[in-house]
Amino acid sequence: MGKKDAAGVSSDTQPLLEKSSTKKRLSFDLTDHVAKRQRIEERTDHTRWRMRDDKGRQSWVYLEDDQALKDWPQSFADKYFLGLPVNAPDLPKPTNPLDAVRNGLEFFEKLQLPSGHWGCEYGGPMFLLPCIVIAWYVTKTPIPWYYATEIKNYLFARANPEDGGWGLHIEGETSVFGTSLNYTVLRIVGVDADHPVMVKARATLHKMGGATHAPHWAKWWLAVMGVAQWDIVNPTPPELWLLPDWVPIAPWRWWIHIRQVFLPMSYLWSKRWQAEETALIRSLRQELFVEDWAKINWASHRNTINPRDNYHPKTWVLNTVNWCLVNIWNPVLRTQAIAKKGEEWAMKLIEMENENTDHADLATVSGPMNTVCLYVKEGPDSYAVRRHRERAHEFLWMKDEGLLANGTNGVQCWDTAFAIQAVMDAGLTEDPRWRPMLMKALEFLDDQQIRENVKDQDKCYRQQRKGGWAFSNKDQGYAVSDCVSEALKSVIILQKTPGFPTLIDDRRIFDAIDTLLTYQNPSGGCSSYEPPRAGTWMEVLNAAEVFGNIMVEYEYPECTTAVVTALSLFRKHWPEYRTKEIERFIERAVKWIKTAQKPHGGWYGSWGICFTYATMFALESLASIGETYKNSDYAKRGCDFLISKQREDGGWSEHYRACETGEYIEHPSGSQVVMTAWAVIALMKADYPNLEHIKKGIKLIMDRQQSNGEWLQEAIEGVFNKSCMISYPNYKFTFTLKALGMFARKYPNETVV
């Protein structure tokens, strides 16, 4: 073989030969691929990376010019995100929880970005980066060498140390989904097939059956590339969008994320569009499959899936629907006119999504898919394609391990709201020391409030959003019940604190309340983006396989509590506005919280891990109407559940598999500082009488704090759709500070240290 550079890239332009795990000889013709080699290095100079914050739009910039390097010094936050030394000074050792809060704020304040928010990695899922990189490849979007290099480094760092594969998320076991797509990404960015990392990953992939055993989403991307044929993809006809709204399975009734993914999927499936064939694509056809590519019966593998990927097996109902689509609808009933009309309406919905988000789109799966659709329809130089390429940078995050993709374009509004509340819980909002930090945060939330509903709201099936806040920023523009609630609470807290201006007037506050009141379901509980539009029976049509609870909205204790506490705070200051409706909303919501309690006393969490997270919110809901350990059986059982899970060292430690199984599972690495904070917050909200249990948890949080005020990253904190974990690294600041601050105010005379 030819000589390799430090990144493991071969300089040999001759065909590569290697032996796969199946003892089959593969010939990889890389001649024209190597001639147009993607530049890739061993690593970039991390001191040249900068986080650009443009009013909450985050993007990482690599400064190759030395003068630019001098003109734009690296900030404390840049260095922290990149794992570079920040040289934060040691602080006086705290003697009580409030001192620990001040130390934590000394560090956390330095991470506040210029626009006033706190940014962070929002990674974890291992299928996000492939969406962006494959979309770049098939649309012939150049990949900067520094991106290619750090994408390679991140995926190398996150390969399973035992088998070399990749899972659904960073802590998950190796899967065909993760391995087939991330292997493809590494080949796109210039890593050769005979690199040891690739040989190991490919062997594992072949042992799992190869790419024919991938789930639906992976097969779709491989078909778009032309690495697989479209016959392997189960049908996703866009004419489903033509169904009248009254039809029970009409796509507008689906959960927002799945319908926004299905939309571009259906457009390209109908077009059966594939990227221009290249040497890399021809080589991947041999690398990713165990079988001889030319002889694969693609249609026979539509439902082939490795058990590791098959978290939610397709139901007999869905299999029957797919059979009818393949054997009756497509060949007999589906006319060109119907197909064209479906494609046109799907594209119209994509264009409305672009207009409503300035081409940022909902999240990191649908955005790249839409990019490809627009490339197919309008060509590479259209405004829509160019704007999508620009906005893709906002979904990437650079860290010490390399370049990853975030789950959305950030967590800006969400984390900023919790940061404000942590200061409030410690009783420090009037402390002049923290006023500049809090003022910047308030200004950010003022700027990020969504001031209008989307254009053609009903036509594009969007929920009311005026007065709300998104999870990330107003460009993305999807209001979420708990994001609106937490931001609103933070605004009210600060604007009712002496010395802070009223940036958001009463009318804008009322707009937020009006939107919040639309989120309640008939059950009394609250969902995330919108109330459910269909029943849970719709899960029989779940085709994603790797996720659960993905077809429709569900009620969540976390979202319900956020809305309840926001409404409770609001009515203290504006008791005359929609009084009866708010009173009834809270009453019904808390009643639903009680019905959602599990027999063991906890509540199941859908956005954080897992019972610990949701039980914190549920007990806060009960406390908001005066129900605590002393007078409520629900609160007592919730507290007893948490106490039963407290570890000997005073902490709590729940593993992500609890989300998958629905049963509490201890984390093998021991107590987690974030979960410990969640548990002690819950116990304090419920007025749990045995203070020693709470003090032990508080002591663990204080003991884990570093001498410079920070806490170190531990296990992953978040989850979505039951099976996929996602990172919330700022939780190790916001919830620890909240727990310590609450203790300091609630028990000012208690000694912990």
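Residues numbered from 1 in each chain as written. Predicted model: local features only at pLDDT ≥ 70, side-chain atom pairs only at ≥ 80, totals over all residues. Heavy atoms only, no water.

## A word on the overall build of the chain
If you tally the helices and strands in the chain, you get 27 helices and 8 strands. What you see for the chain is a C-alpha radius of gyration of 26 Å, in line with the 27 Å of a compact globule of 753 residues. Taken along the three principal axes of its C-alpha coordinates, the chain extends 75 × 60 × 45 Å. By the burial criterion, 65% of the 753 residues in the chain qualify as buried. (Helix = DSSP H or I, 4+ residues; strand = E, 2+ residues; numbered from the N terminus. Rg over C-alpha atoms; globule rule 2.2 N^0.38 Å. Buried < 20%, exposed > 50% of the residue type's maximum accessible area, 1.4 Å probe, protein only.)

## Focus on empty space enclosed by the protein
In this structure the tally under the stated criterion is 10 cavities of 30 Å³ or more. Within this model, the largest cavity holds a volume of roughly 560 Å³. For the lining of the largest cavity, the elements supplying multiple residues, two or more each, are helix 10 (256-271), helix 18 (481-495) and strand 7 (718-720). Per element, the largest residue contribution to the lining of the largest cavity is 3 residues, and it comes from helix 10. Tallied by class, residues from the lining of the largest cavity come to 26 nonpolar, 9 polar and 1 charged. Two domains each donate at least three residues to the lining of the largest cavity, and these are domain 1 (127-405) and domain 2 (412-746). When its volume is computed, the second largest cavity comes out at roughly 140 Å³. For the second largest cavity, the lining is made up of 17 residues, of which G367, P368, T371, H388 and A392 are closest to its centre. (1 Å grid on protein atoms, 1.4 Å probe; cavity = no way out; pocket = protein on both sides within 12 Å on 5 of 7 lines; lining within 4 Å. Points joined across faces, edges and corners; volume = space filled by probe spheres on them. Nonpolar A, V, L, I, M, F, W, Y, C, P; charged D, E, K, R; others polar. Domains from an automatic or database assignment.)

## What about a nonpolar patch on the surface?
On the surface, a cluster of nonpolar side chains totalling about 410 Å² of accessible area is made up of W323, I328, V332 and L333. Looking at the secondary structure, you find W323 in helix 12 (residues 316-333). (Patch = residues over 30% accessible without salt bridge, like charges linked within 9 Å, V, L, I, M, F, W, Y side chains within 5 Å. Areas by Shrake-Rupley, 256 points an atom, 1.4 Å probe, with all protein chains shown as cover. Salt bridge = Lys/Arg side-chain N within 4 Å of Asp/Glu carboxyl O.)

## Side note on the packing of aromatic side chains
For the structure shown, the criterion picks out 58 aromatic pairs. A connected cluster of aromatic rings, assembled from ring pairs, spans W60, F76, Y80, F81, F107, F108, W118, W397, W711 and F733. The side chain of K110 reaches across the aromatic face of F76, ending 5.9 Å from its centre. (Phe/Tyr/Trp six-rings, centres within 6.5 Å; stacked < 30°, edge-to-face > 60°. Lys NZ or Arg CZ within 6 Å of the ring centre and 35° of its normal.)

## A look at the packing of helix 21 (residues 579-595) against helix 22 (residues 611-624)
Two numbers describe how helix 21 lies on helix 22: the axes approach to 10 Å, and their chain directions differ by 135°. As summarised for this structure, helix 21 and helix 22 are arranged oblique, according to the angle between their axes. Between helix 21 and helix 22 lies a crossing whose hand is left-handed. Facing helix 21, whose interface residues are V590, I593 and K594, helix 22 presents A618, S621 and L622. (Axes fitted to C-alpha atoms, helices over the stretch in contact; angles between N-to-C directions. Parallel < 35°, antiparallel > 145°, perpendicular 65-115°, else oblique. Left-handed = near helix turned anticlockwise from the far one by under 90°. Contact = heavy atoms within 4.5 Å.)

## Section: the domain arrangement of the chain
Here the domain parsing of the chain yields domain 1 (127-405) and domain 2 (412-746). Using only C-alpha atoms to locate each centre, domain 1 and domain 2 end up separated by 32 Å. Opposite the 45 residues of domain 1 that make contact, domain 2 presents 47 residues. Among the residues of domain 1 in contact with domain 2, W255, Y311 and N356 are the three that bury the most area, contributing 19% of the side total. On the surface where domain 1 and domain 2 come into contact, there are 4 salt bridges. The residue E355 makes a salt bridge to K455 at a minimum N-O spacing of 3.3 Å. If you look at where domain 1 meets domain 2, you find 19 residue pairs in polar contact (both at pLDDT 80 or more). Of all the secondary structure elements, the ones that give two or more residues to the side of domain 1 that touches domain 2 are helix 9 (216-225), helix 10, helix 12 and helix 13 (336-357). In terms of residues, the side of domain 1 that touches domain 2 owes the most to one element, helix 13, which gives 8 residues. Residues that form the side of domain 1 that touches domain 2 fall into these classes: 23 nonpolar, 10 polar and 12 charged. (Buried area = accessible area lost by both parts, 1.4 Å probe. Polar contact = N/O pair within 3.5 Å; in protein donor to acceptor, adjacent residues only side chain to side chain.)

## A word on the pattern of salt bridges
As enumerated under the stated definition, the model contains 49 salt bridges in all. Two residues, K695 and E692, come together in a salt bridge whose shortest N-O distance is 3.6 Å. Residue K695 and its partner E692 are both found in helix 26 (residues 691-704); the two are separated by 3 residues, about one turn of the helix. Here K695 falls in the buried class, since its relative accessible area comes to 15%. Linked through salt bridges whose partners overlap, the residues forming this network are D54, R57, D358, R387, E390, R391, E394 and D475.

## What to know about the side chain of E620
With respect to the helices and strands, the residue E620 is situated in helix 22. Judged by its relative accessible area of 14%, E620 is buried. Sequence-distant contacts of E620, defined by excluding residues within four places in its chain, comprise K489, T561, T565 and K685.

## Considerations on the UniProt feature "domain: Squalene cyclase N-terminal" (unreviewed entry) in the chain
UniProt records the feature "domain: Squalene cyclase N-terminal" (unreviewed entry) for residues 110-353 in the present numbering. The span residues 110-353 shows a helical share of 50% and a strand share of 0%, and its end C-alpha atoms are spaced 36 Å apart. (UniProt positions renumbered as here; feature names shortened; annotations may be inferred.)

## Structural notes on the pairing of strand 6 (residues 402-405)
In the sheet, strand 5 (residues 396-399) pairs with strand 6 via 4 bridges, with the strands oriented antiparallel. Bridging across to strand 6, W397 finds its partner in L404. (Pairing = 2+ DSSP bridges.)

## Describing the pairing of strand 4 (residues 57-62)
Within strand 4, 5 of the 6 residues are buried, which leaves it mostly tucked inside the rest of the structure. Judged from the 6 bridges that link them, strand 3 (residues 49-54) and strand 4 form a sheet pairing that is antiparallel. Among the inter-strand pairings, D53 is bridged to a residue of strand 4, identified as Q58. Counting the residues that bridge the hairpin from strand 3 to strand 4 gives 2 residues, and of these K55 lies at a positive phi of roughly 55°.

## Some words on the environment of A214
Residue placement: A214 occurs in the loop between helix 8 (196-207) and helix 9. In this structure A214 comes out as buried when scored by relative accessible area, which is 0%. Through-space distance from the C-alpha of A214 to that of D415 is 35 Å; in sequence the pair is 201 residues apart. Excluding anything up to four places from it in sequence, A214 contacts V176, S180, K219 and T304.

## A closer look at the nonpolar core
What tends to happen in soluble globular proteins is that the nonpolar side chains get buried as a cluster. Core analysis: the largest hydrophobic core is formed by 259 residues, its most contacted members being F127, W217, W469, F547 and I694. No other element matches the 11 residues that helix 25 (residues 673-685) contributes to this core. Split by domain, this core shows at least three residues from each of two domains, domain 1 (127-405) and domain 2 (412-746). Residues in contact with F547, not counting those within four places in the same chain, are F127, L168, W217, Y311, H312, N542, F720, N721, S723 and C724. (Core = buried A, V, L, I, M, F, W, Y, C linked by side-chain atoms within 4.5 Å.)

## Side note on the UniProt feature "domain: Squalene cyclase C-terminal" (unreviewed entry) in the chain
UniProt records the feature "domain: Squalene cyclase C-terminal" (unreviewed entry) at residues 413-743, using the numbering of this structure. As a span, residues 413-743 carries 48% helix and 2% strand, and end to end its C-alpha atoms are 26 Å apart.

## Description of the packing of helix 16 (residues 412-425) against helix 17 (residues 435-448)
Between helix 16 and helix 17, the shortest axis-to-axis distance is 10 Å and the interhelical angle comes to 145°. Crossing handedness for the pair helix 16 and helix 17: left-handed. Residue-level inspection shows Q412, C413, T416, I420 and V423 of helix 16 in contact with helix 17, the latter providing M437, L438, A441, L442, F444, L445 and Q448.

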